Amino acid sequence: MPITHEFEFLRPSSLGDALSLLADRSGIKPLAGGTDLIVRLKNGQDTPSAVMDLKQLPELGGLAVKDGVLTIGAGVTFAELIESPLIRKHYPLLAEAAQTVASGGVRNRATLAGNIVSAVPSCDSATCLLVCDASVMAVSARGERAIPITEWFSGPRSTALQPDELVKCVRITLPEKKTGGCYVKLARYNGEDLAQAGVSVLVDSAKNYRVALSAVCPAPKRLRKTEIFLKGKRPTDKTLSEAVKLVALEVCAITDIRATVEYRAHMTGIMFKRCAAAAFARLEGKGPRYGEKLV
Amino acid sequence: MKTEITFRLNGIERSLFVEPNDVLIDVLRTRLGIKSPKIGCDQGDCGTCTVFFNGKTVRSCLVLAIEADGGEIVTLEGLSENGPTPLQRAFADRNAFQCGFCAPGIILSATELLQKNPEPDRHEIQEAIAGNLCRCTGYTPVIDVIAEVAAKKTAGKNRKSR
Ligand SMILES: Cc1cc2nc3c(=O)[nH]c(=O)nc-3n(C[C@@H](O)[C@@H](O)[C@H](O)COP(=O)(O)OP(=O)(O)OC[C@H]3O[C@@H](n4cnc5c(N)ncnc54)[C@H](O)[C@@H]3O)c2cc1C
Ligand code: FES
Ligand code: FES
């Protein structure tokens, strides 16, 4: 299917040029891996006056750890995340979530930044960024600002990013304590399906928990009450059964083409329990290896 | 506005004029005579349009032709320039495909897998071709062939190193 909508193609050679273009005219859509944008152009859901390729901008590339902060450039693809020794060492949870996105051929192009800018409720990178307390560095001709990930997702396909801003990178401060994490994704089959529900849990050696959910609510979210309840506790069957009640209160499950409210609510409980147990077991050096399917 | 782009296609430099909204798969098939990548879903789901772009498999239905400027594209045609690869020969010998519509995509995905990971286990093979839909085979013979070729490669290597 050809793209019928006509647009100009821009390929600025520096971040500065890209930002001036965005400041000077409206209707420009940035292009990273194109795995969302090109589908939307084909379907007539996006009709920009110009598409601006970002892939040649050196400022947006690269994965690095410096002064205890992990920086993931906006140009970094899910394939690069999965293959990166840095991610495996510092945040295997991120690789675990990245591995569930689409298929190899899509992951070779799809970026983490594009994933959170698209901000569909089923976005697989959302929950692990939430539990890692990531921040999104947004840059425009006006300057740079850090947006905490907890303030990023404002609704389905809606974020805190302004139209003249680009995502430069995502930053994660490495935890001081040892952590164990887990991402559990519910989908009908492996290899292409969007999440019906997604749960991440991160726990540190002082038993501080962070819990986040996606695809279940209109926007991915942290479950603060559940986290407070879990603090200092081991995830025994009894504790988790209590916690599940809080999870149910904190989420506002939706019905859509992928699943009903009832199914989502039921499965979220089961997934949360397995996810929390696995995260804790991993913290103790046990548990399923990262990447193993738990539902 | 038409723009001239130049890229290497299966080892040969090609130049042509494209519109910004031309999609790579359409340009490959209708303007450059490259017919191995197929248009299945046209939305990134099925993997039949898979090509190598700068050394990595991508869905050419989700790439603008203009993005290929200065890059390198390899399709199945380029892979078998010097005769079929061991993987292709094994697929043919075992008659592992039926209609063959998915074959170019699966062969490229499997080629990428074996380049990155010469000793994949069955799970890794399944994972690597999970984005290539096949309506005919039920996947088992396809996975068997990839596993067989990987095992042969490894056996060959071990023999050499001894
Ligand atoms: C077949 C298929 C299966 C998929 N399965 C999954 C899945 O299982 N889980 C999942 O989470 N996602 C899935 N996706 C969607 C996933 O591929 C995208 O969300 C991807 O991560 C977007 O990144 P991209 O680089 O391709 O972005 P693009 O498509 O290039 O851009 C996406 C949006 O972000 C904007 N943008 C990109 N980069 C920047 C930047 N630096 N600054 C500002 N704006 C920017 C673009 O303008 C556009 O609006 C799937 C997609 C396909 C085609
Ligand atoms: S035609 Fe490109 S993935 Fe289906
Ligand atoms: S052999 Fe027919 S689609 Fe795979």
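Not measured: the values here are computed from a predicted model. (Residues numbered from 1 in each chain as written. Chains lettered and ligands numbered in written order. Predicted model: local features only at pLDDT ≥ 70, side-chain atom pairs only at ≥ 80, totals over all residues. Heavy atoms only, no water.)

## Observations concerning the sheet that holds strand E1 (residues 3-9) of chain B
Residue and element names in this part refer to chain B.
So, point 1. Spatially, 5 strands are ordered E2-E1-E5-E3-E4 in an open sheet, and the strand pairing comes out mixed. Each end of this open sheet is capped by a strand with a single partner; those strands are strand E2 (12-18) and strand E4 (56-59). Across the sheet, the mean angle separating the axes of adjacent strands is 40° when strand polarity is ignored.
So, point 2. On top of the sheet, helix H1 (residues 24-31) reaches E1, E2, strand E3 (50-53) and strand E5 (72-74); it is set at about 110° to E2, its chief contact.
So, point 3. Across the sheet, helix H4 (residues 103-116) is in contact with E3, E4 and E5; its angle to E3 comes to roughly 40°. (Pairing = 2+ DSSP bridges. Helix = DSSP H or I, 4+ residues; strand = E, 2+ residues; numbered from the N terminus. Axes fitted to C-alpha atoms, helices over the stretch in contact; angles between N-to-C directions. Contact = heavy atoms within 4.5 Å.)

## Quick notes on the side chain of Glu112 of chain B
So, point 1. Checked against the element boundaries, Glu112 of chain B lands in helix H4.
So, point 2. As a buried residue without a salt bridge, Glu112 of chain B has its nearest oppositely charged side chain in Lys116 of chain B, at a separation of 4.5 Å. (Buried < 20%, exposed > 50% of the residue type's maximum accessible area, 1.4 Å probe, protein only. Lys, Arg positive; Asp, Glu negative; His and termini not counted. Salt bridge = Lys/Arg side-chain N within 4 Å of Asp/Glu carboxyl O.)

## Things to note about the pairing of E1 of chain B
Successive side chains on a regular strand alternate, one facing one side of the sheet and the next facing the other.
Residues and elements named next belong to chain B.
So, point 1. Two strands pair when backbone bridges link them, and E1 and E2 are joined in this way by 7 bridges, in the antiparallel orientation. Looking across to E2, one finds that Leu9 is bridged to Ile12.
So, point 2. Counting the residues in the hairpin turn of E1 and E2 gives 2 residues, including Asn10, whose phi is positive at 50°.
So, point 3. Sheet topology places E1 next to E5; 2 bridges connect them, and they run parallel. Considered in E5, the bridge of Leu9 is made with Ile73.

## Concerning the packing of helix H3 (residues 86-94) of chain B against H4 of chain B
Residues and elements named next belong to chain B.
So, point 1. At their nearest, the axes of H3 and H4 sit 10 Å apart, and the two run at 130° to each other. Overall, the two elements H3 and H4 adopt an arrangement that is oblique. Our pair here, H3 against H4, has a crossing hand that is right-handed. Within the contact between the two elements, H3 uses Leu87, Gln88 and Phe91 and H4 uses Ile106, Ile107, Ala110, Thr111 and Leu114.
So, point 2. The class makeup of the residues in the contact of H3 with H4 is 6 nonpolar, 2 polar and no charged. (Parallel < 35°, antiparallel > 145°, perpendicular 65-115°, else oblique. Left-handed = near helix turned anticlockwise from the far one by under 90°. Nonpolar A, V, L, I, M, F, W, Y, C, P; charged D, E, K, R; others polar.)

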